[in-house]
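What the coordinates show
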Amino acid sequence: MNLNLPIHHIGVACKNLEKEREIFYKLGFIKEADFIDERQGVKGEFIIPKDNNFPQYRFELLSNLNEKGVLDNYLKNKIKMYHIAYESKNIQKDLDILSTGGGFW
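We now turn to the structure provided with this report.

Cut-offs and rules
- Per chain, the residues get numbers from 1 upward, laid out in the order the sequence is written.
- pLDDT decides what is reported in this predicted model: residues at 70 or higher carry local features, side-chain atom pairs at 80 or more are listed and counted, and totals for whole chains, interfaces and linings draw on all residues regardless.
- The side-chain figures draw on all heavy atoms in the structure; neither hydrogens nor water molecules are used.
- Helix and strand assignments come from DSSP, with helices taken as H or I runs of at least 4 residues and strands as E runs of at least 2, each series counted from the N terminus.
- Partly exposed residues are those whose accessible area sits between 20% and 50% of the maximum for their type, while under 20% is buried and over 50% is exposed, using a 1.4 Å probe and protein chains only.
- Residues count as neighbours in contact if any of their non-hydrogen atoms are within 4.5 Å of one another.
- Residue burial considers only the protein chains on display, and all accessible areas are found by Shrake-Rupley using a 1.4 Å probe.
- Only four residue types enter the tally: Lys and Arg on the positive side, Asp and Glu on the negative side, with His and both chain ends excluded.
- Throughout, a charge is located at the NZ atom of Lys, the CZ atom of Arg, the CG atom of Asp or the CD atom of Glu.
- Here is the rule: rings of Phe, Tyr and Trp (six-membered ring for Trp) pair when centre to centre is within 6.5 Å. Planes less than 30 degrees apart are stacked, more than 60 are edge-to-face, and the remainder are tilted.

Focus on the overall build of the protein
When helices and strands are tallied, the protein shows 3 helices and 5 strands. Secondary structure elements in the protein, listed N-terminal to C-terminal, are β-α-β-β-β-α-β-α. Referenced to the eigenvectors of the C-alpha coordinate spread, the extents of the protein come out at roughly 45 × 40 × 25 Å. Here the protein, with 105 residues, has 29% of them falling under the buried criterion. Restricting to contacts in the protein with at least 6 residues of sequence separation, those with at least 24 account for 52%. Looking at the protein as shown, the accessible area adds up to about 7800 Å², and 53% of this sits on carbon and sulfur atoms. Averaging the coordinates of the 15 positive side-chain charges in the protein and doing the same for the 15 negative ones gives two points 5 Å apart.

As structure tokens, this is what we get:
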């Protein structure tokens, strides 16, 4: 059985969200939404292409809320694009399919 998991976004670790945002805006992106996640200690912004003629994909720009945080190791190792998030309609079913497909987990 195949999974139907569209990509929701690609996560980008940022030292300075405001500076990164400006670069992406110059590349033709606009803000879709922003958020603060106190539990993970990050603030973020979803951005999408402003031109509808381009494929609609989304980046999630993330930066630490505090001086030290969950993104430190990625930033220290110069890893910018550090996760791909998929969208699931039924996470338990999708995990069951993945776990029976040859020992993925």
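Focus: the packing of aromatic side chains
Overall, the coordinates contain 7 aromatic pairs when judged by the stated rule. Geometrically, the ring pair formed by Phe-29 and Tyr-57 is edge-to-face, given 6.0 Å between the ring centres and 65 degrees between the ring planes. With Phe-29 in strand β2 (residues 29-37) and Tyr-57 in the loop between β3 (42-49) and β4 (59-64), this residue pair connects regions lying 28 residues apart in the sequence. Between Tyr-74 and Tyr-82, the ring centres sit 4.4 Å apart and the planes meet at 35 degrees, which makes this aromatic pair tilted. Under the relative-accessibility criterion, Tyr-74 is labelled partly exposed at 31%. Linked through ring pairs, Phe-24, Phe-29, Tyr-57 and Phe-59 together constitute an aromatic cluster.

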